[in-house]
Amino acid sequence: MRSVFIILSCIIFSASVMAQNGVKARSDAMYVNITKDPPKPPYIEFVEGSLTFSDSDGNQIIDADEQARIVFQLKNSGMGMGLNLEAQITEQNGIQGIQYKPVKSIGTLDPGTLSTVEIPVSGTMNTPNATASFQISISEANGFGTDPVIIEVPVASFLSPLVKIVDYKITSQSGTTIEKRRPFEVQVLVQNVGQGTANDVALTLPVPENMFCLTDNTLEHLGTLVPGEQRLIEYSLVANNTYTASDIRLDFQVTEKHRRYGENRDLVIAMNQSVASEKLVIQGRYEKPEEIIVGSLTSAVDKNIPFHAYKNQNRIALIIGNEDYSGNLNAEINVAYAANDASVFRQYAVNTLGVPE
């Protein structure tokens, strides 16, 4: 009995000591798979030639206010699974205005498989002209990551566009003057005369009271205009019989993405003024930014013809514009645009010189 008592006392004492020294900490979580087999590490590497850069306009430059991306492929040529992969990104030159996330989660990568990774990069309005150097490395939970790779990308500062109506022309197919109840046409030539590309360009025409837009295009979405690019917009308008003003005021509003680089234009058209019947059609012209030529629908003398309502009933003008001499002379001496010149001079005769219709 005495020996049994001693053993029980030892057991009770031991239990008492363990109770006083309970577990007070927890071991760190690890990603190593615990198996009876030897460890099977992954081998993560960049696929050769897969590191590329792409941007919105395709010029291979991070332009100011532009979205771009760095793309590459990873492969696991090892025996084990790559766990908790992350891409670590650093721009080493400290370029101002470059935005990106320094860490991108990739997840797991099984042995013998590929994974495509995209890293968004963007430029802000204050990026300078420089070269960005991105260092990219892949980390793995058990330390089987990659060596870093570097990709260098040019960065361009912001170039402002300037979108405006550079010219216009008034025509009428139903008569020679602007009158109530008779439709007339307005052509406006919109051009980006700035050095930068204009995005989300729109042209709005608020129609005056008692006037109607027959072409139903009071809002024109022009999209993107590169430097020098032109767009010709046509409207068909008519004033009803209750229109009382002596002239027609068209207040065109030009907008673009930033709401800062569009220039509005007001056109004032006198009622009963003489207009031509020929419309003009142009083809868009793309110029280098430093050589932008402002587009025009007409020559300088065709614009802003003075209008006077006075008519001299004893004044007559005979105007001849012959372009084609091929009938009885030589076609080589044909005179291009002679008919248009005659039409323009007719407008001077009627509007300015007082010649009756």
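As the structure is a computational prediction, the values presented were derived from the model and not from experiment.

> What is the right way to read the overall build of the protein from this model?
Within the protein one finds two helices and 19 strands. With 357 residues in all, the protein has 34% of them scored as buried. If you take every contact in the protein between residues at least 6 apart in sequence, the share linking residues at least 24 apart comes to 71%. Within the structure as shown, the protein displays about 21500 Å² of accessible surface, and the carbon and sulfur contribution to it stands at 52%.

> What is the right way to look at the sheet that holds strand β16 (residues 230-239) in this model?
Strand pairing in a sheet relies on backbone hydrogen bonds. The paired strands run either parallel or antiparallel. Strand order in the open sheet formed by five strands is β14-β16-β12-β11-β18, with mixed pairing between adjacent strands. Looking along the sheet, the strands with just one partner apiece sit at the ends: β14 (211-213) and β18 (262-263). Relative to strand β12 (residues 184-192), strand β11 (residues 163-171) runs antiparallel, the two being bridged by eight bridges. Within β12, the residue paired with Lys164 across the bridge is Gln191.

> Is there a simple way to explain the side chain of Gln273 in this structure?
Take Gln273: it is sitting in the loop between β19 (265-270) and α2 (338-351). Among the residues examined, Gln273 registers a relative accessible area of 16% and is labelled buried. Those residues in contact with Gln273 that sit more than four places away from it in its chain are Thr176, Thr177, Ile178, Phe307 and Asn351.

> Got a minute to help me understand the sheet that holds strand β13 (residues 198-204) in this structure?
Pairing is antiparallel in the open sheet, where four strands are placed in the order β15-β13-β17-β19. Here the strands that pair on one side only, and so sit at the sheet edges, are β15 (219-225) and β19. Strand-to-strand twist in this sheet, taken as the mean axis angle between neighbours without regard to direction, amounts to 20°. Direction of pairing for β13 relative to β15: antiparallel, over a ladder of five bridges. Each residue of the ladder has a partner; that of Ala198, found in β15, is Leu225.

> Sorry if this is basic, but what is going on with the packing of aromatic side chains here?
For any pair of aromatic rings, geometry is given as the distance between the ring centres together with the angle between the planes. Applying the stated criterion across every chain, the model contains four aromatic pairs. Aromatic pair Phe46 and Phe72: ring centres 5.2 Å apart, planes at 65°, arrangement edge-to-face. Of this pair, Phe46 sits in strand β1 (residues 44-46) while Phe72 is found in strand β4 (residues 66-76), placing the two residues 26 residues apart along the sequence. Take Phe46 and Phe72: they sit in the same class, and that class is buried. For the ring pair Tyr235 and Phe252, a centre distance of 5.5 Å and an interplane angle of 55° mean the geometry is tilted. Pair noted here: Tyr235 is in strand β16 and Phe252 is in strand β17 (residues 247-255), with a separation of 17 residues, a long-range link.

> Help me understand α2, please; the structure alone is not making it clear to me.
Note that an α-helix has 3.6 residues per turn; residues three or four places apart therefore point the same way. Helix length check: α2 (14 residues) gives 20 Å between terminal C-alpha atoms against 20 Å at 1.5 Å per residue, within 8%. Taken together, the buried positions of α2 are occupied by Ala338, Ala342, Ser343, Val344, Gln347, Ala349, Val350 and Asn351.

> Could you clarify how one ought to interpret the nonpolar core in this entry?
Soluble globular proteins tend to bury their nonpolar side chains together. Val186 and Phe252 are the most contacted members of the largest nonpolar core, which totals 29 residues. Of all the elements in the fold, those that place two or more residues in this core are β11, β12, β13, β14, β15, β16, β17 and β19. Those residues in contact with Phe252 that lie beyond four places of it in its chain are Ile165, Val186, Val188, Leu203, Thr204, Leu205, Tyr235, Asn264, Arg265, Asp266 and Leu267. Core analysis: the second largest hydrophobic core is formed by 24 residues, Leu74, Ile95, Ile119 and Ile138 among them.

> Just to check I follow, could you spell out the confidence of the model for the protein for this structure?
Do not read the predicted coordinates in detail wherever pLDDT is low. Of the residues in the protein, 80% reach a pLDDT of 70 or more, and the chain-wide mean stands at 84. Note on residues 1-20: pLDDT under 50 across the span, and zero contacts to partners over four residues away in sequence or across chains.

> How should unusual backbone geometry be read in this particular structure?
Note on backbone geometry: most residues besides glycine have negative phi, and most peptide bonds are trans. For Asp65, which is not glycine, the phi torsion reads 60° and is therefore positive. The class for Asp65 is partly exposed, based on a relative accessible area of 29%. In this structure, Asp216 is a non-glycine residue whose phi angle is positive, near 55°. Examined against the element boundaries, Asp216 turns out to sit in the loop between β14 and β15.

> How should I be thinking about the pattern of salt bridges in this particular structure?
When the charged atoms of two side chains with opposite charge come close together, those side chains can pair. Under the defined criterion, the tally for this structure stands at nine salt bridges. With a shortest N-O distance of 3.1 Å, Arg249 and Asp266 are connected by a salt bridge. Note that Arg249 is positioned in strand β17 and Asp266 in strand β19, a separation of 17 residues in sequence. On the basis of relative accessibility, which here comes to 44%, the residue Arg249 falls in the partly exposed class. Glu357 is the salt-bridge partner of Arg346, the closest N and O atoms lying 2.9 Å from each other. Pair noted here: Arg346 is in helix α2 and Glu357 is in the segment after α2, with a separation of 11 residues, a long-range link. Residue classification places Arg346 among the partly exposed residues on the basis of a relative accessible area of 27%. Each of Arg249, Asp251 and Asp266 takes part in one network of salt bridges that share partners.

> Help me out: how do you make sense of the environment of His258 in this one?
Its place among the elements puts His258 in the loop between β17 and β18. Once the C-alpha coordinates of His258 and Asn199 are considered, the two residues, 59 residues apart in sequence, prove to be 8.5 Å apart. Dropping the residues within four chain positions of it, His258 is found in contact with Asp65, Met125 and Phe158. Side chain to side chain, His258 and Asp65 meet in a polar contact 3.3 Å long.

Procedures and definitions
- Residues numbered from 1 in each chain as written.
- Predicted model: local features only at pLDDT ≥ 70, side-chain atom pairs only at ≥ 80, totals over all residues.
- Heavy atoms only, no water.
- Helix = DSSP H or I, 4+ residues; strand = E, 2+ residues; numbered from the N terminus.
- Buried < 20%, exposed > 50% of the residue type's maximum accessible area, 1.4 Å probe, protein only.
- Contact = heavy atoms within 4.5 Å.
- Areas by Shrake-Rupley, 256 points an atom, 1.4 Å probe, with all protein chains shown as cover.
- Pairing = 2+ DSSP bridges.
- Axes fitted to C-alpha atoms, helices over the stretch in contact; angles between N-to-C directions.
- Phe/Tyr/Trp six-rings, centres within 6.5 Å; stacked < 30°, edge-to-face > 60°.
- Expected span 1.5 Å × (residues − 1).
- Core = buried A, V, L, I, M, F, W, Y, C linked by side-chain atoms within 4.5 Å.
- pLDDT = per-residue confidence, 0-100.
- Salt bridge = Lys/Arg side-chain N within 4 Å of Asp/Glu carboxyl O.
- Polar contact = N/O pair within 3.5 Å; in protein donor to acceptor, adjacent residues only side chain to side chain.

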